[in-house]
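# Descriptive analysis of the structure
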Amino acid sequence: MMYIASKERYTTMEYNRCGDSGLMLPKVSLGLWHNFGDTSKFENMRQLCFTAFDNGITQFDLANNYGPEPGSAEINFGRILKEDLGKYRDELIITTKAGYEMWDGPYGNWGSRKYLLASLDQSLKRMGLEYVDIFYHHRMDPETPLEETMGALASAVQSGKALYVGLSNYDGKTLSQAASILQEMHCPFVINQNRYSIFDRTVEKNGLKKTTGILKKGLITFSPLAQGQLTDRYLNGIPEDSRIRTDGRFLKESNLTPERLQQIRELNDMAAGRGEKLSEMALGWLLAQQEVTSVLIGASRPQQILDNIKAIHCAPFTEEELVRIDEIAAENTASTSFRK
């Protein structure tokens, strides 16, 4: 059955300006890191995308290596574009990235000009697109000169294969250096993508969040629910259909220590006192940060998208609530890290 988007799709979502650019992004965006690979059901992927777009989520975030297998998320999303969403292309923000290992040999990893531009060409082919809206470098490269990597991003824009560029998993110092290079190249660098949640404060410690605000760039946060930890999913044990049981690459049973479960319960009680689900409060906490443009959610079921969108109407936080959230998060200082 041919998909026709809801005529009410822009009545639900709210949008933030991406830094000081002209680009507006939805407060909630859909990430295709999980659940869009070869191990997932295609019809469910379609329904996830339709539910997102019908509710004003215009940004769909990918990377060359999303799967499993690497590249399969882009192939599957490309099929959804061809069969259903492509007619709405000018209403969509489609992003991809390169930086992690994608193919064998010395040219399929990190941040060289050869890798980034070849990867972008491959991504466009997999998705059946002439351009992406944002092309990211996926991680800092300690070996390749920053000028080379940033020059590749600038070339992507100059060639018409990307409208804007972004940086992912950078720290504040390197972000500042990269932004200066891109400014000299007159390259439209508009956004940073980093892991950030109540449980993971790395961007607060490495200067990324502060520098983003100073430079007036956007910030989109991935793993905002700490791979499902900041939900009611694990309050009463580990469900058999949970990501821990079905995937296990990024969130492991060992991450759910008694101390972490106690934190989750305390935060869940706090959310209940606010009349919200834990996931709503956790996303709302991020959106209350002045520097945050959008939160990047993942979903295995359409209802999860609908539940997460409620975060844009999250109640304001009192100073006492913010202090208490920080106290709970600090109770277990062992940082949980997931490569993306």
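Residues numbered from 1 in each chain as written. Predicted model: local features only at pLDDT ≥ 70, side-chain atom pairs only at ≥ 80, totals over all residues. Heavy atoms only, no water.

This next bit is on the overall build of the protein chain. Check the secondary structure of the protein chain and you find twelve helices and ten strands. Taken against the 2.2 N^0.38 rule, which gives 20 Å for 340 residues, the C-alpha radius of gyration of the protein chain at 19 Å falls within 12% of a compact globule. On the principal axes, the C-alpha backbone points of the protein chain span a range of 50 × 50 × 40 Å. Every one of the 340 residues in the protein chain was classed for burial, and the buried ones make up 59%. Taken as a whole, the protein chain presents about 14,800 Å² of accessible surface, with 50% of it coming from carbon and sulfur. (Helix = DSSP H or I, 4+ residues; strand = E, 2+ residues; numbered from the N terminus. Rg over C-alpha atoms; globule rule 2.2 N^0.38 Å. Buried < 20%, exposed > 50% of the residue type's maximum accessible area, 1.4 Å probe, protein only. Areas by Shrake-Rupley, 256 points an atom, 1.4 Å probe, with all protein chains shown as cover.)

Among the ten residues that make up helix α10 (residues 278-287), ten are buried, leaving the element largely enclosed by the rest of the structure. Where the residues of α10 are buried, they touch α6 (202-205), β9 (218-222), α9 (258-273), β10 (294-297), α11 (302-309) and α12 (319-330). (Contact = heavy atoms within 4.5 Å.)

A few words now on helix α5 (residues 172-184). Because an α-helix packs 3.6 residues into every turn, residues spaced three or four apart end up facing the same way. The end-to-end C-alpha distance of α5, which contains 13 residues, comes to 19 Å, matching closely the 18 Å that a straight helix rising 1.5 Å per residue would cover. Along α5, the residues that are buried comprise G172, T174, L175, A178, A179, I181 and L182. The secondary structure elements touched by the buried residues of α5 are α4 (146-158), β7 (162-168), β8 (189-195) and α7 (208-215). Taken from the residues just after α5, H186 is the one with a positive phi, measuring 55°. (Expected span 1.5 Å × (residues − 1).)

Here the focus is the pairing of strand β3 (residues 28-31). On a regular strand, each side chain points to the face opposite its neighbour's, so the side chains alternate between the two faces of the sheet. The alternating pattern of β3 places V28 and L30 and S29 and G31 on opposite faces, both of which are buried. Pairing geometry for β3 and β10, over three bridges, is parallel. Counterpart to S29 in the pairing with β10 is L296. Two strands pair when backbone bridges link them, and β3 and strand β4 (residues 59-61) are joined in this way by two bridges, in the parallel orientation. Bridging across to β4, G31 finds its partner in D61. Note on the crossover from β3 through helix α1 (residues 42-54) to β4: the handedness is right-handed. (Pairing = 2+ DSSP bridges. Right-handed = clockwise from strand over helix to strand, strands pointing away.)

Further remarks concern the packing of aromatic side chains. As enumerated under the stated definition, the model contains eight aromatic pairs in all. When the ring of W103 is compared with that of Y115, the centres are 5.3 Å apart and the planes differ by 70°; the resulting orientation is edge-to-face. Taken together, the residues W103 in the loop between β5 (93-98) and α3 (113-127) and Y115 in helix α3 connect sequence positions twelve residues apart. On the accessibility criterion, W103 (23% relative accessible area) is partly exposed. Look at Y115 and you get buried, because its relative accessible area is 0%. Considering the side-chain rings of Y196 and W285, the 5.6 Å spacing of their centres and the 65° angle between planes classify their relative orientation as edge-to-face. (Phe/Tyr/Trp six-rings, centres within 6.5 Å; stacked < 30°, edge-to-face > 60°.)

This part takes up the side chain of E266. Along the chain, E266 turns up in helix α9. On the basis of relative accessible area, E266 is assigned to the buried category, the value being 17%. Residues within four places of E266 in sequence aside, it is in contact with R324, I328 and E331.

Another point: the nonpolar core. In this structure, F60, F77 and L85 are the most contacted members of the largest nonpolar core, which totals 104 residues. Apart from residues no more than four positions distant in its own chain, L85 is found in contact with Y3, C49, F53, F60, F77, I80 and L92. (Core = buried A, V, L, I, M, F, W, Y, C linked by side-chain atoms within 4.5 Å.)

The next point concerns the sheet that holds β4. Reading around the barrel, the eight strands line up as β3-β4-β5-β6-β7-β8-β9-β10 and close back on themselves, with parallel pairing between neighbours. Within this sheet the neighbouring strands show an average axis-to-axis angle of 30°, counted without direction. Sheet topology places strand β6 (residues 132-137) next to β7; five bridges connect them, and they run parallel. Bridged to F135 within β7 is V165. (Axes fitted to C-alpha atoms, helices over the stretch in contact; angles between N-to-C directions.)

On to the environment of K205, then. Following the sequence through the fold, K205 ends up in helix α6. On the basis of relative accessible area, K205 is assigned to the exposed category, the value being 72%. When the C-alpha atoms of K205 and T318 are compared, they prove to be 23 Å apart, with 113 residues separating the residues in sequence.

Time to look at the confidence of the model for the protein chain. Looking at the protein chain, pLDDT values average 94 and 93% of them are 70 or higher. Long-range and interchain partners of residues 334-339, a stretch whose pLDDT sits below 50, account for 18 contacts in this model, where long-range means more than four residues apart. (pLDDT = per-residue confidence, 0-100.)

Here we come to the packing of α4 against α5. Packing of α4 against α5 leaves a shortest axis separation of 10 Å and a crossing angle of 55°. Considering the angle they form, α4 stands oblique to α5. Between α4 and α5 lies a crossing whose hand is right-handed. The residues of α5 that touch α4, namely those facing L146, E147 and M150, are T174, Q177, A178, I181 and L182. A breakdown of the residues in the contact of α4 with α5 according to their chemical character gives five nonpolar, two polar and one charged. (Parallel < 35°, antiparallel > 145°, perpendicular 65-115°, else oblique. Left-handed = near helix turned anticlockwise from the far one by under 90°. Nonpolar A, V, L, I, M, F, W, Y, C, P; charged D, E, K, R; others polar.)

Within the fold, G67 resides in the loop between β4 and α2 (72-83). The class for G67 is buried, based on a relative accessible area of 7%. Distance from G67 to S40, taken between C-alpha atoms, is 9.3 Å for residues 27 residues apart in sequence.

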